[in-house]
Each structure stands twice: as structure tokens, then as C-alpha cells.
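A look at the structure
This is what each chain is made of:
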Amino acid sequence: MASWYGPGFHRHHNAEGGVYNQEDLTAASIAFPLGSRVMVTNLDNGRSVEVTITDRGPFKKGRKIDLSHRAAQMIGMLDQGTARVRIALISKPPGTRDVGAPLRYWVQVGSFSEEQNAEQVQTRLASSYSDVHVVSVLDADQHRYYRVRMGAFATRSAAETRAFEASRFGLPVVIITE
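The following refers to the structure shown.

This part is about the overall build of the protein chain. Tallying secondary structure elements over the protein chain gives 3 helices and 11 strands in all. Reading the protein chain from its N end, one meets helices and strands in the order β-β-β-β-β-α-β-β-β-α-β-β-α-β. Projecting the C-alpha coordinates of the protein chain onto the three principal axes gives extents of approximately 60 × 30 × 30 Å. Each of the 178 residues in the protein chain was classed as buried or not, and the buried ones make up 38%.

Shown next as C-alpha cells:
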């Protein structure tokens, strides 16, 4: 089942770090890694659209994908709001989890524009945890960020336990899924 999202999220940041434009051919899904390209076909009329997964969602039970306004328009589901669809993976970014593989959880304790700042936090935490690492990320505007993460954890509860423990360091703690 697919739904669509638009006006309330237009021009806000998406999970990839870019700015959501409801007229781009994009979608939100937790079933596919960010950056994946998928073909979505409306089973009621046979119309298809290729979209890039740039955001996380939908968060309503039973739905697998939230299409942008434009993508929903192209497959003829704007008026109904939802549609039965087939989703086919076209490609996924190298190094991302396989589709259908269980989600992994990470505890992120900071995101920095200066690599040195991230390395200082990593060093501080490494005395207590062996799985601390720095991930370099380039956002849609070509700005580089250095994120300090711990994990991966197989379950959200394990990540929550670590997040609670790590909060004693006074750092902003966020649980990330991939």
C-alpha cells in the first residue's frame, strides 16, 4: 500500500540531509536503503513511476512507501490518497544493507562539520566503548559532516540501552536505523 506526502513537508529537510521538494520524483520508505531507486506501479491502473528513496516513512501501519506529490500524480493516486502498488528495486547504493535484511541500529552521539571535533568525541568515548567510529557524510548541498556513531545493534532495545548509558557523557544521543 502506498500513500503520498507533500505540502506539510515541502522545503523541510529529509533523512538524506537534503531539502524535500514535493515536485521531485522521490519517496519515503523504511523498506529500502536511502538512495535506492525503485519502480512503483499502481495496480489499479498499471501506471508506473521511478523514484529515489530520500526519506524515512511511512509511519502508518500497512503502508510501505510514501510518494512525493508529483510521483503520486504520475501514477494517478492523488485523489484517493492511497493505492495498492508493486514496488521493484532498480538499484541501491553500494555498501547498504540488502533489501529484506533486518534493520541495524546505531547510536549517534554527534555530527560535526570539523573532522577534528568528531575525532575528539570518538577518543573520549573509545575509553568506554570499543565500537565507536566516525562516519563521513556528504549532504545534498555538498557539505561534509562527520558523525560519531556506536554500534551496530541488532535490536532497538540494545541501541536504547547504549543510548541511555552514553547519555552520561552529556552529548546529544540519537538512534539511527539503516
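Another aspect to go through is the sheet that holds strand β8 (residues 105-112). With respect to topology, 4 strands assemble into an open sheet ordered β9-β10-β8-β11, the strand pairing being antiparallel. In this open sheet, the two edge strands, each paired with only one partner strand, are β9 (132-138) and β11 (174-177). Taken pair by pair, the neighbouring strands of this sheet meet at an average axis angle of 40 degrees, ignoring direction. Pairing between β8 and strand β10 (residues 144-153): 7 bridges, direction antiparallel. Counted as the bridge partner of Gln-108 is Arg-149 from β10. On top of the sheet, helix α2 (residues 115-126) reaches β8, β9 and β10; it is set at about 160 degrees to β9, its chief contact. Sheet contacts for helix α3 (residues 156-166): β8, β10 and β11; angle to β8, the most-contacted strand, approximately 40 degrees.

This next bit is on the sheet that holds strand β3 (residues 37-42). The 7 strands lie next to each other as β6-β1-β5-β2-β4-β3-β7, forming an open sheet whose pairing is mixed. With one partner strand each, in any of the chains shown, β6 (82-83) and β7 (85-91) form the two edges of the open sheet.

Moving on to the nonpolar core. In terms of nonpolar packing, the biggest core is built from 18 residues, with Val-107, Val-109, Val-121, Leu-125, Val-148 and Met-150 touching the most fellow members. Of all the elements in the fold, those that place two or more residues in this core are β8, α2, β10 and α3. Apart from residues no more than four positions distant in its own chain, Val-109 is found in contact with Val-121, Leu-125, Val-148, Met-150, Ala-166, Leu-171, Pro-172 and Val-173.

Attention shifts here to the pattern of salt bridges. All told, the structure shown has 5 salt bridges when counted by the stated rule. Note that Arg-162 and Asp-131 form a salt bridge whose closest N and O atoms lie 2.8 Å from each other. Pair noted here: Arg-162 is in helix α3 and Asp-131 is in the loop between α2 and β9, with a separation of 31 residues, a long-range link. A single burial state applies to Arg-162 and to Asp-131, both of which are buried. A cluster of three or more residues bridged by salt bridges with shared partners is formed by Asp-131, Arg-162 and Glu-165.

Here the focus is the packing of aromatic side chains. The final tally for this structure, using the stated rule, is 3 aromatic pairs. When the centroid spacing of 4.5 Å and the interplanar angle of 10 degrees are considered together, the rings of Tyr-5 and Tyr-20 count as stacked. Taken together, the positions of Tyr-5 in strand β1 (residues 2-5) and Tyr-20 in the loop between β1 and β2 (26-28) put the pair 15 residues apart, joining distant regions of the chain. Exposure class is identical for Tyr-5 and Tyr-20. Each is buried. An aromatic cluster of at least three residues, connected via ring pairs, comprises Tyr-5, Phe-9 and Tyr-20.

Before going further, it helps to spend a moment on unusual backbone geometry. Here the residue pair Gly-57 and Pro-58 is connected by a cis peptide bond, since its omega of -15 degrees sits within 30 degrees of zero. For the peptide bond that leads from Gly-151 to Ala-152, omega is 25 degrees, which places it in the cis range. Along the chain, Ala-152 turns up in strand β10. Not every positive phi belongs to a glycine, and Arg-11 is a case in point at roughly 70 degrees. Of note, Arg-11 is situated in the loop between β1 and β2.

Analysis parameters
- Residues numbered from 1 in each chain as written.
- Predicted model: local features only at pLDDT ≥ 70, side-chain atom pairs only at ≥ 80, totals over all residues.
- Heavy atoms only, no water.
- Helix = DSSP H or I, 4+ residues; strand = E, 2+ residues; numbered from the N terminus.
- Buried < 20%, exposed > 50% of the residue type's maximum accessible area, 1.4 Å probe, protein only.
- Pairing = 2+ DSSP bridges.
- Axes fitted to C-alpha atoms, helices over the stretch in contact; angles between N-to-C directions.
- Contact = heavy atoms within 4.5 Å.
- Core = buried A, V, L, I, M, F, W, Y, C linked by side-chain atoms within 4.5 Å.
- Salt bridge = Lys/Arg side-chain N within 4 Å of Asp/Glu carboxyl O.
- Phe/Tyr/Trp six-rings, centres within 6.5 Å; stacked < 30°, edge-to-face > 60°.

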